[in-house]
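Chains, contacts and geometry: an overview
What follows is each chain in one-letter form.
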Amino acid sequence: MIRQAKGRTPRRPPKKPSSTQKDPVGVYCRVRPLGVEDEECCIEVISSSTIQLHAPEGFKTNRNGEYKETQYSFKKVFGVSISQMELFEHVAKPLVDDLIHGKNGLLFTYGVTGSGKTFTMTGSPGQGGLLPRSLDMIFNSIGPYQAKRYVFKPDDKNGLEVQNEVDALLERQKRENMSFPKQSSSRQKLDPEIADMIKSEEAYKTDAVDEDSSYSVFVSYIEIYNNYIYDLLEENQEDAIKPKPPQSRILREDQNHNMYVSGCMEVEVKSAEEAFQVFWRGQKKRKVANTRLNRESSRSHSVLIVKLAQAPLDADGDNILQDKNQVNVSQLCLVDLAGSERTGRTGAEGTRIREAGNINQSLLNLRTCMEVLRENQMCGTNRMVPYRDSKVTHLFKNYFDGEGKVRMVVCVNPKTDDYEETLLVMRFAEMTQEVEVARPVDRPICGFTPGRRHRNQAFKEELSRKLDERGGPIDRDVPSAINHLVHSLPPLPSSELTDPHDDITLPRLIEALQNRHRIRQMMIDEYNNAANKMKSMLQELDNALISKDNFIHEQNGKLGDKDRIIQNIKAEIERLEKKNRMQEHKIDILQKTTKIYEDDKRSLKYELETREQKLQRELNDKRRMEQRMHGVVTDTQYKWEKECDRRVNAMQLEMQNKLWVKDEKLKQLKAIVTESKAPGRPEPPPRQTQPQRPSREERLPAKRSASPSPVPTTTPVRPLHRRSRSAGGEKWVDHKPSSSLDLGTVLQPVIPNAIQVSTPSEKALSKCDRYVLTHQEVASDGEIQTKLIKGEVIKTRGGGQSVQFTDIETLKQELTTVPRRKRKSSEGAPANGDGTDGAWTDVETRCSVAMEMRAGSNMGPGFEHHGITKRRKP
């Protein structure tokens, strides 16, 4: 059984633009002049549409470590010498033309913090930016065709309603009474910071303005701060004691699926000066802060929305057509985006870090939306664009999904410190140029005859001239009032002629016209009488008003004096408040400093206590170590004393053994020599075995006899182990390490039929049957002794070779550092007392004789101990 999927509410399809033609986003680049303190520049203008970025010295951009230069192309590049007027002519002037012709437009500045975005958008006195020049061009174009105030009225749903002149007049009187009293001069007086923004010779004007329409301009100014929307034109009652925080606004969608700010104040303006005055009033409320990179860094995105309402005149060309469907509303959004920044470079802390994070997040979301739009357009995908992730993209959603021109001015700073951020801005701008938006279409034309306003104006002028000639009323409003009354006359009869001989229709029409003329003349007479009465009443009212005006003038003078006093008091209060804030700021700084010092004091105190504890532990450890080392030294001293006694006793025992062996040898030598000199040499006695070693008591020096003991004759000498002659055919591996030393001794180990190697190998072992290793080490008496470690080469089951060691021979060299000892030789002396045996009493002489014996001699144990090294078991 197939489980049915859970239904979901279908998403409303986006509004499809009415135009199938699309234009890419126009991206322009403006290079800011290099500062005085900056020396190195990383941006070079190649042509009017291309710039090149140079990596600064010490910055590597690719993996092989070489400098990489990149070029970026734009619709137009403006160098450091470009003027504000030239920038406006290329960038904003086409958008203003489209606005007057009923088309929407979006213009925003983008770049790193401190790159000149606010200057490009707002400008300075004498160097007006894009915003004041756009307002000036709008009013220069529609100035003669503006409707009276409050004829167009916002409906709070992103639309406008049309009121008749009576309702508009009542609305004006109501607003003026609410704002009364007001000084007439304050309206004309501009803020000195915004005065003379644009010179008269730099003014622009749009051609081909529709003269048969009435226009009205509405402006609203908002800021997006920490992803919240605030109305900068909202008039709040200031409370110095407990100021009320501003109320954030929400975004809504109108019936045409266009986004707007709900509850945002829309101010109707009638001149460029008034519009810019309203803008500057909101600009003073905008969030700015001082950072390390920018003295007045914008902490929010500001949006000035200029709405132009346009409605056609009626058939007579006198009044606005009272039809809401015929009202065309176009808008131009001028956006000054906050600059992207890195908190490490700006030195931001606290609130500034949060502001920078929200700014960077909104700009990142703008880039994401552009990337998704480009992917959908180029690859044909249908990914959802994340407009709602940020208020900036959500507000301008209808420009990218709907229709209208979109232009972006990328501001860059050529200093090398901004190279990395500028590189990211260039990549975003290059990608944005590939996004396309629908081209705006022309609005439909109403079916009235063109030129209505001009003909109506000519008719009024002609009527006024004729009335002046006849001495009639000169009030130009009289004919319009009469025309209203004419509409109440009886209707005309049918004037259709079906027969050329019709004598009824024309006379009836003539009679009706005469009747209408008579009624009209009576109405004019009545109107003139009422006008005369009204004039007398107005004169009386004028006299009363003059007296009231004089009284009001006197009161205004007094109020002016009071206002000046109040202004002085306010100035003093502001000065004191500023001083108070400064003192509070200093107190906060001192408190923070005190807190920092207290924290440092606590941390230092804690560190001092920690170090004292650590030092105390180290002292305790040192004492314990000293005690432990004292015990170890005592134990070691006691052990070494015992070891020295043992070694001394062992050395004494060894020396006694050596002396005993030499005595025995000397006795045997003496016996041999004595027997050789005797006449009739007898047979040599059989070889004696090695005499038994005496006991410890017999070997003590104090108890040893001065004369040698008699030579034993019954103990045979142990025969040496010798290899058979047939072994000469065996091959040996003579392994002598390269670190072996040549001792220069007379007796050297010579192995015939041997392969000498410094490192044994499997190849050498496979060719030989025996193996010998020459090993040198230092003996206990400090002399170098050589050991010959011998073994047999045995083949293994795996086909390799192994060595089984069987024998070790030791070669040792001794130096005669002991003084010569002479002993008495009384044993075996001839009876006659011949002194020839005196030469044999020298131990060294007797030893040298023993060393010269031939190999294989059976004359005594001297050969065994000196001729051939004693064999040891492995």
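What counts, and where the lines are drawn
- Residues numbered from 1 in each chain as written.
- Predicted model: local features only at pLDDT ≥ 70, side-chain atom pairs only at ≥ 80, totals over all residues.
- Heavy atoms only, no water.
- Helix = DSSP H or I, 4+ residues; strand = E, 2+ residues; numbered from the N terminus.
- Expected span 1.5 Å × (residues − 1).
- Contact = heavy atoms within 4.5 Å.
- Axes fitted to C-alpha atoms, helices over the stretch in contact; angles between N-to-C directions.
- Left-handed = near helix turned anticlockwise from the far one by under 90°.
- Nonpolar A, V, L, I, M, F, W, Y, C, P; charged D, E, K, R; others polar.
- Pairing = 2+ DSSP bridges.
- Buried < 20%, exposed > 50% of the residue type's maximum accessible area, 1.4 Å probe, protein only.
- Salt bridge = Lys/Arg side-chain N within 4 Å of Asp/Glu carboxyl O.
- Phe/Tyr/Trp six-rings, centres within 6.5 Å; stacked < 30°, edge-to-face > 60°.

A closer look at helix α7 (residues 272–283)
- The terminal C-alpha atoms of α7, which comprises 12 residues, lie 16 Å apart, in line with the 16 Å expected from a rise of 1.5 Å per residue.
- Check the buried side of α7 and you find it contacts α4 (130–142), β12 (213–225), β17 (267–269) and β20 (301–312).

Re the packing of α4 against α7
- Contact geometry for α4 and α7: axes closest at 9 Å, N-to-C directions at 145 degrees. Taken as a pair, α4 and α7 cross one another with a handedness that is right-handed. Contacts between α4 and α7 pair Leu131, Pro132, Leu135, Asp136 and Phe139 from the former with Ala272, Ala275, Phe276 and Phe279 from the latter.
- The residue inventory of the contact of α4 with α7, partitioned by class, reads 8 nonpolar, no polar and 1 charged.

Side note on the sheet that holds strand β4 (residues 50–53)
- With respect to topology, 3 strands assemble into an open sheet ordered β3-β4-β5, the strand pairing being antiparallel. At either margin of the open sheet sits one strand with a lone partner, and together these are β3 (43–47) and β5 (70–73). Neighbouring strand axes in the sheet, compared pairwise and without regard to direction, differ in orientation by 30 degrees on average.
- Bridge count for β4 against β5 is 4 bridges, and the pairing is antiparallel. Counterpart to Gln52 in the pairing with β5 is Gln71.

Brief notes about the pairing of strand β7 (residues 105–111)
- Among the 7 residues that make up β7, 7 are buried, leaving the element largely enclosed by the rest of the structure.
- Direction of pairing for β7 relative to strand β21 (residues 328–336): parallel, over a ladder of 5 bridges. Residue Thr109 lies in a different strand from β21, and its bridge partner there is Asp336.
- As judged from the 7 bridges shared by β7 and strand β22 (residues 405–412), these two strands associate in the parallel manner. Directly across from Gly111, in β22, lies its bridge partner Cys411.

Considerations on the packing of helix α1 (residues 84–91) against α4
- Contact geometry of α1 with α4 gives a least axis separation of 10 Å together with a crossing angle of 65 degrees. Pair α1 / α4 crosses with right-handed handedness. Note on element contacts: α4 touches α1 through Leu130, Arg133, Ser134 and Met137, opposite Gln84, Met85, Leu87 and Phe88.
- Residues that form the contact of α1 with α4 fall into these classes: 5 nonpolar, 2 polar and 1 charged.

Comments concerning unusual backbone geometry
- Phi is positive for Tyr150, which is not a glycine, with a value near 65 degrees.
- With respect to the element layout, Tyr150 can be found in the loop between α4 and β10 (152–154).
- Even without glycine at this site, Asn227 takes up a positive phi of about 65 degrees.
- Its location among the elements puts Asn227 in the loop between β12 and β13 (228–231).
- You can call Asn227 partly exposed: its relative accessible area is 30%.

Quick look at the pattern of salt bridges
- Tallied over the full model, the rule gives 25 salt bridges.
- In this structure, Glu809 and Lys790 form a salt bridge, with 2.7 Å as the shortest nitrogen-oxygen distance. Remark: Lys790 occurs in strand β27 (residues 784–795) and Glu809 occurs in strand β28 (residues 801–812); sequence separation between them is 19 residues.
- Here the salt bridges do not stand alone but share partners, grouping Glu643, Arg646 and Arg647 into one network.

A look at the pairing of β22
- Along β22, 7 of the 8 residues are buried, which leaves the element largely enclosed by surrounding structure.
- With 6 bridges joining them, strand β2 (residues 26–31) and β22 adopt parallel strand pairing. Pairing of Val31 across the sheet is with Val412, part of β22.

Details of the environment of Gly79
- Along the polypeptide, Gly79 turns up in the loop between β6 (76–78) and α1.
- For the pair Gly79 and Arg30, spaced 49 residues apart in sequence, the C-alpha to C-alpha distance is 6.2 Å.

A few points about the packing of aromatic side chains
- All chains considered together, the criterion is met by 9 aromatic pairs.
- Here the aromatic rings of Tyr221 and Phe279 are separated by 4.9 Å at their centres, their planes lie at 45 degrees, and the arrangement is tilted. Residue Tyr221 is located in strand β12, and its partner Phe279 is located in helix α7; the two are separated by 58 residues in the primary sequence.
- A relative accessible area of 2% places Tyr221 in the buried class.
- Owing to a relative accessible area of 2%, Phe279 belongs among the buried residues under this scheme.
- One aromatic cluster is present, built from ring pairs that chain together Tyr221, Phe276, Phe279 and Trp280.

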